[in-house]
Amino acid sequence: MTPLMVVLSITAVKDAIDDLKRHQSDDRVNNLPVLLLVNGKMKEDKWMNVQVGDIIKLENNQPVVADILLLSSSEPYSLTYIETADLDGETNLKVKQAISVTSDMEDRLELLSAFNGEVRCEAPNNKLDRFSGILTYKGKNYFLDHDKLLLRGCIIRNTDWCYGLVIYTGPDTKLMQNSGKSTVKRTQIDHLMNVLVLWIFLGLGIICFVLAVGHGIWQNKKGYHFQIFLPWEKYVSSSAVSAILIFWSYFIILNTMVPISLYVSVEIIRLGNSLYINWDRKMFYAPRNTPAQARTTTLNEELGQVKYVFSDKTGTLTQNIMIFNKCSINGKLYGDTYDKDGQRVTVSEKEKVDFSYNKLADPKFSFYDKTLVEAVKKGDHWVHLFFRSLSLCHTVMSEEKVEGMLVYQAQSPDEGALVTAARNFGFVFRSRTSETVIVVEMGKTRVYQLLTILDFNNVRKRMSVIVRTPEDRIMLFCKGADTIICELLHPSCSSLCDVTMEHLDDCASEGLRTLMVAYRELDEAFFQDWSKRHTEACLSLENRESRLSSVYEEVEKDLMLLGVTAIEDKLQDGVPETIIILKKAKIRLWVLTGDKQETAVNIAYSCNLFEDEMDEVFVVEGRDDETIRKELRTARNKMKPESLLDSDPINIYLTTKPELPFEIPEEVANGNYGLIIDGYSLAYALEGNLELELLRTACMCKGVICCRMTPLQKAQVVELMKRYKKVVTLAVGDGANDVSMIKAAHIGVGISGQEGLQAMLNSDFTFSQFQYLQRLLLVHGRWSYNRMCKFLSYFFYKNFTFTLVHFWYAFFNGFSAQTVYETWFITCYNLVYTSLPVLGMSLFDQDVNETWSLLFPELYEPGQHNLYFNKKEFVKCLMHGIYSSFVLFFVPMGTLYNAERNDGKDISDYQSFSLVVQTSLIWVVTIQIALKTTYWTMISHVVIWGSLGFYFCMSFLLYSDGLCLAFPDVFQFLGVVRNALNQPQMLLSIILSVVLCMLPVIGYQFLKPLFWPISVDKVFDRIQECRRLPRQSPVQTKLKHSSTRRSAYAFSHKHGFGALITSGKTMKSRMSKKNTLFSKR
């Protein structure tokens, strides 16, 4: 009982430390400051003290602490701009607007304090895009929808301040409703160990019962008549009573079969392997001074068994930074740099273009082709017109709190990158009103009259602006997808279009997001006539969208081509290479993102999740059950036609309607395919009648993208995989919208990015870069799994071998429960003699070093199928232990039976026999672990051979004359070592026992790769060949993408702020600070 209590206590302390760390992290978040309106004054309080009904003040760049009803803001019409990256992965700005009845309160605290409205709303739920409620205020009812609600997890942007009424707090907020439940995570090996311990316990009971029956029979036949020599105790009235007592005696003697110390050893090993992750300098991210961290110590070996990785996109695969990389203007490509020989060269930070001539340039902007700056300075007409177009054709909003310090708030990062590029090349978008756009062109301020914005939508895939220049010319500037713009060009642009398309193909081949730019000068009379039709279409009540589209097409034609832009959606360092390595390790990657489909697909191609060589990429976009079922079955029919037949084994199995949980076997497609599905279709596909169709189809694909997902849907996809596939899942993300997915997966990894701490606080492992995932899995994970499997195999083997010798001995001692070994040996066997060698192997062993682990990802595969330790391997350990115990008992028994010393004295005594058996056992288990060790260090030699030497030192000490004479009741093996081990037959008996025990092990290790090879055996052969060859430096090759597809910004853009800008709502009715600043100049 005492050892069990020690084990449970150590485990409880370790779990308590893990929980304490999480509690401390939660406290840091709960104690963040917030401004509350209390008794007419603003008071600073803590997040955890915010309650429903409180009025709070939020300022620019602050996170929203609860779900709040927007009451008023610093912006005109009480607009508030928010970023929702933590909720849906999108970084483009969204607009919320307070209802008019509360917007008039502005920031007047006396009015806000007197606010006594009553809000009746729906119960807390997880629907991020829906909210309905009614505000009753001054006797009137006002309808509330999600446009009036600021959700927890949003960030206030481009808004000085806003006030809100708290509607939901804590676990009732929509963010937390999507976070999922926290569960205690246990590895597959944990579950297996618990089952095996139950098996062992049951086996122990059976063995004790057999020995007790044997004792009862022996006592009945012989012991009863032998009482003169061996009298029974007074409380033993019959052989049956004696058998019952012997049952419990053997239960105590054989209790070493039940490995109580196993759990302590496992926790020590896991702690050590967790520290390796924390100490790994190659997973340390210097720019943020952030190391990798194992936030739990219970999941290490499962890192070596991952089959499916579920990843967020924004902030996880990408840096969420758009970079203006290249452009083609009037048939000339800019952006590449060349040496004197005309060879393209790589650039460094020292070679970037100097924009110091432009006082309004963004210092963070980098460009390396100096010829473009020279063209701008020379006044090249087409270059100027190109950048003028970029500075005018957009819906970006500008903020200038300090003169010359411009901050752009763009509807998408693409827009911001284009306007910033124009700004640095001398065409600075400064500010706008509902009727004008102010641009500083090469140092001169020019005011353009904004006549119309022809906004972007998913059908048009382009946007245009019509402006009147200071020279009174009417110009239309247009940008959009090349597939659309090319059809709208004037015939005179055909030759220029051919050259530009070649440049565009080059840019697309590098995975850049391309965009075509064009213009048209409009006649005054034509524009006035068109403007009337445009106004009529805007005011129409029926078919308004189609009429507007027709009117837009009238003016967006006969365009003159200016060029193309190429923007890099900057991936995190090493992402494409990491995904390639994970694919080689047969780890499937699914991208689960709240972002738009087109953006997600672009990134999938950029990071090598999708390849142009794929046979097909299926898109599921149905809006009802039948359509989605048809799309999934059509995809499956192309990948594996027989999977739709009634004769398919899986279909036959499913028709039996097996009870949950059941496992769906792996299906292999007859090609290379990808799958894309959006959140709306996924909502139907995750229902009971379609979820198996979705899972079977998706699991046949090499890459899967689920886009426009809610946080809860991310968790549902992970749960679906766990429910029907016996695989280990890992989820990786960086935002609060990934928390539910991280909690649902077997292993949760948090990227310490720019989207807050929620993902880190709820994760099991954290680091700063996605590329570190390959080291976490292929190095630390694989090593941890291999070490744990070796440890378990050896631990069970040595305990079975040690314990089962007593079973054989029982047949020679009348089943009397006499032990084979000396008492001190029994005490020290697990605690001293065999503990350090197995811990040393489990903490330091490596089958190959980290370099080979990363060069040959195929080594990871055995862990995915749990080949190194399972029930089959356990039975092997049991059979091996039975054989070894048989040899260790009967070889010494046969050797010493009626044996004599050289001087004729008898040596077939119990103590000599016991010494030979235990010495043989120590040699066998020591050589066994030496054979299992593949990475020899000084520590390995010390703990393995040192433990063996320590056994002999302890034997000479414990069986010495001094101790035995001083404490005869405690130390009873007087002089047995020096008297027994100097006899040849004793030494030969030990040698024979060791040889017979080792022969099957060595033979199996030699024959297994020949007759029962696994895939990884061939990899080890390749590694051995590589070791014999001279080491060559790997040739660095740049990952290229063919130009068979476009990576167009226009496809990933979203409906813009055009209507909002032209309505004038973004302009303050009172003079703003920035307009005052401009008027002073």
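Residues numbered from 1 in each chain as written. Predicted model: local features only at pLDDT ≥ 70, side-chain atom pairs only at ≥ 80, totals over all residues. Heavy atoms only, no water.

A. Structural context of the pairing of strand 24 (residues 513–522). Burial analysis of strand 24 places 9 of its 10 residues in the buried class, the great majority of the element. Taken together, the 7 bridges between strand 23 (residues 474–480) and strand 24 define a ladder with antiparallel strand orientation. Of the residues in strand 24, the one forming a bridge with Lys-479 is Val-517. Looking at chain direction, strand 24 and strand 25 (residues 560–571) are connected through 7 bridges and run antiparallel. (Buried < 20%, exposed > 50% of the residue type's maximum accessible area, 1.4 Å probe, protein only. Helix = DSSP H or I, 4+ residues; strand = E, 2+ residues; numbered from the N terminus. Pairing = 2+ DSSP bridges.)

B. Quick peek at a nonpolar patch on the surface. Residues Leu-202, Ile-206, Phe-209, Val-210, Val-213 and Ile-217 make up a contiguous nonpolar surface patch of roughly 560 Å² in combined accessible area. Here Leu-202 shows up in helix 6 (residues 188–221). (Patch = residues over 30% accessible without salt bridge, like charges linked within 9 Å, V, L, I, M, F, W, Y side chains within 5 Å. Areas by Shrake-Rupley, 256 points an atom, 1.4 Å probe, with all protein chains shown as cover. Salt bridge = Lys/Arg side-chain N within 4 Å of Asp/Glu carboxyl O.)

C. Expanded view of the UniProt feature "active site" (unreviewed entry) in the protein. Per the UniProt record, the feature "active site" (unreviewed entry) sits at Asp-312. For Asp-312, the position within the fold is in the loop between strand 14 (306–311) and strand 15 (318–329). In this structure, Asp-312 is in contact with Leu-317, Leu-592, Thr-593, Lys-714, Val-732, Gly-733, Asp-734, Asn-737, Asp-738 and Met-741, ignoring residues within four places of it in sequence. Among the polar contacts made by the side chain of Asp-312, one reaches the side chain of Lys-714 at a distance of 3.4 Å. (UniProt positions renumbered as here; feature names shortened; annotations may be inferred. Contact = heavy atoms within 4.5 Å. Polar contact = N/O pair within 3.5 Å; in protein donor to acceptor, adjacent residues only side chain to side chain.)

D. Geometry of the pattern of salt bridges. One pass over the full model with this rule turns up 41 salt bridges. Residue Glu-59 pairs with Lys-57 through a salt bridge whose shortest N-O separation is 3.9 Å. You can call Lys-57 buried: its relative accessible area is 18%. Arg-388 is paired through a salt bridge with Glu-441; the nearest N and O atoms lie 3.1 Å apart.

E. Up close: the packing of aromatic side chains. One pass over the structure, following the stated rule, counts 60 aromatic pairs. With 6.0 Å between their ring centres and 20° between their planes, Tyr-785 and Tyr-868 make a pair best called stacked. Within this pair, whereas Tyr-785 is found in helix 25 (residues 772–810), its partner Tyr-868 is found in the loop between helix 29 (861–864) and helix 30 (871–896), the two being separated by 83 residues in sequence. Taking relative accessible area as the criterion, Tyr-785 reaches 1% and is therefore assigned buried. Within the aromatic cluster, the residues linked to one another by ring pairs are Phe-807, Trp-808, Tyr-809, Phe-811, Phe-812, Phe-815, Phe-886, Phe-889, Phe-890 and Phe-913. Across the ring face of Phe-284, the terminal group of Arg-281 is positioned such that the distance to the ring centre comes to 4.8 Å. Against the face of Phe-795 rests Lys-798, its NZ or CZ located 4.6 Å from the ring centre. (Phe/Tyr/Trp six-rings, centres within 6.5 Å; stacked < 30°, edge-to-face > 60°. Lys NZ or Arg CZ within 6 Å of the ring centre and 35° of its normal.)

F. Looking closely at unusual backbone geometry. In this model, Met-442 sits at a positive phi of 50°, which is unusual for a non-glycine residue. Residue position: Met-442 is located in the loop between strand 20 (436–441) and strand 21 (444–454). Residue classification places Met-442 among the partly exposed residues on the basis of a relative accessible area of 35%. The phi dihedral of Phe-815 falls on the positive side, at around 50°, and the residue is not glycine. By the secondary structure assignment, Phe-815 is in the loop between helix 25 and helix 26 (823–833).

G. Region of interest: the packing of helix 26 against helix 32 (residues 938–958). Orientation of helix 26 relative to helix 32, taken along the N-to-C sense of each, is 155°, at an axis distance of 12 Å. Classed by the angle they form, the pair helix 26 and helix 32 counts as roughly antiparallel. Crossing hand, helix 26 versus helix 32: right-handed. Residue-level inspection shows Trp-824, Phe-825, Val-832 and Tyr-833 of helix 26 in contact with helix 32, the latter providing Ser-947, Phe-950, Tyr-951, Met-954 and Leu-958. (Axes fitted to C-alpha atoms, helices over the stretch in contact; angles between N-to-C directions. Parallel < 35°, antiparallel > 145°, perpendicular 65-115°, else oblique. Left-handed = near helix turned anticlockwise from the far one by under 90°.)

H. Structural detail: the sheet that holds strand 8 (residues 133–137). A sheet is described by the order of its strands in space; here 3 strands give the open sequence 7-8-9, paired in antiparallel fashion. Each of the sheet's edge strands pairs with one partner strand only, and the pair in question is strand 7 (118–121) and strand 9 (140–144). On average, adjacent strands in this sheet sit at an angle of 20° to one another, irrespective of strand direction. Pairing of strand 7 with strand 8, which is carried by 4 bridges, proceeds in the antiparallel orientation. In the strand pairing of strand 8, Glu-118 is matched with Thr-136.

I. Region of the structure containing the packing of helix 6 against helix 8 (residues 260–279). Relative to each other, helix 6 and helix 8 sit at 165°, their axes nearing to 12 Å. Here helix 6 lies roughly antiparallel to helix 8, going by the angle between them. Where helix 6 crosses over helix 8, the handedness of that crossing is right-handed. In this structure, helix 6 uses Asp-190, Met-193, Asn-194 and Val-197 to contact helix 8, whose residues at the interface are Leu-262, Tyr-263, Val-266 and Arg-270. Looking at side-chain class alone, the contact of helix 6 with helix 8 contains 5 nonpolar, 1 polar and 2 charged residues. (Nonpolar A, V, L, I, M, F, W, Y, C, P; charged D, E, K, R; others polar.)

J. Structural view of the side chain of Ser-920. Residue placement: Ser-920 occurs in helix 31 (residues 910–932). The residues contacting Ser-920, other than those within four sequence positions of it, are Leu-888, Ile-990, Ser-993 and Val-994.

K. Quick look at the pairing of strand 22 (residues 462–468). Judged by how many residues are buried, strand 22 sits mostly within the fold: 7 of 7 residues are covered. Of the two faces of strand 22, both are covered, the one formed by Arg-462, Ser-464, Ile-466 and Arg-468 as well as the one formed by Met-463, Val-465 and Val-467. Of the strand pairs in this sheet, strand 21 and strand 22 are connected by 5 bridges, and their pairing is antiparallel. Counterpart to Thr-452 in the pairing with strand 22 is Ile-466. As defined by bridge partners, strand 22 adjoins strand 23 across 7 bridges and the pair is classed as antiparallel. What sits directly across from Val-467, in strand 23, is Met-475. The turn joining strand 22 and strand 23, which pair antiparallel and follow one another in sequence, is formed by 5 residues; a positive phi near 70° is taken by Asp-472.

L. Representation of the nonpolar core in the model. Membership of the largest hydrophobic core comes to 88 residues, with the highest contact counts inside it found for Tyr-250, Phe-791, Leu-792, Phe-796 and Phe-825. Counting residues in each nonpolar core, the second largest holds 57 residues, with Phe-324, Cys-327, Val-376 and Ile-567 among its members. (Core = buried A, V, L, I, M, F, W, Y, C linked by side-chain atoms within 4.5 Å.)

M. Spatial organisation of the UniProt feature "transmembrane region" (unreviewed entry) in the protein. Here the UniProt feature "transmembrane region" (unreviewed entry) sits at residues 192–214, 791–812, 824–844, 877–898, 910–931, 938–959 and 986–1007. Each end of residues 192–214 is marked by a C-alpha atom, and these two atoms are 33 Å apart; helix forms 100% of the span and strand 0%. In the segment residues 791–812, helix accounts for 91% and strand for 0%; the C-alpha atoms at its two ends are 33 Å apart.

N. Structural view of helix 15 (residues 544–555). The end-to-end C-alpha distance of helix 15 is 17 Å, a good match for the 16 Å that 12 residues give at a rise of 1.5 Å each. For helix 15, the complete set of buried residues consists of Leu-548, Val-551, Tyr-552 and Val-555. In an axial view of helix 15, the angular spread of the buried residues amounts to 105°, which keeps them on one side of the axis. Buried-residue contacts for helix 15 involve strand 21, strand 22, strand 23, strand 24 and helix 14 (524–539). (Expected span 1.5 Å × (residues − 1). Arc of directions from axis to C-beta.)

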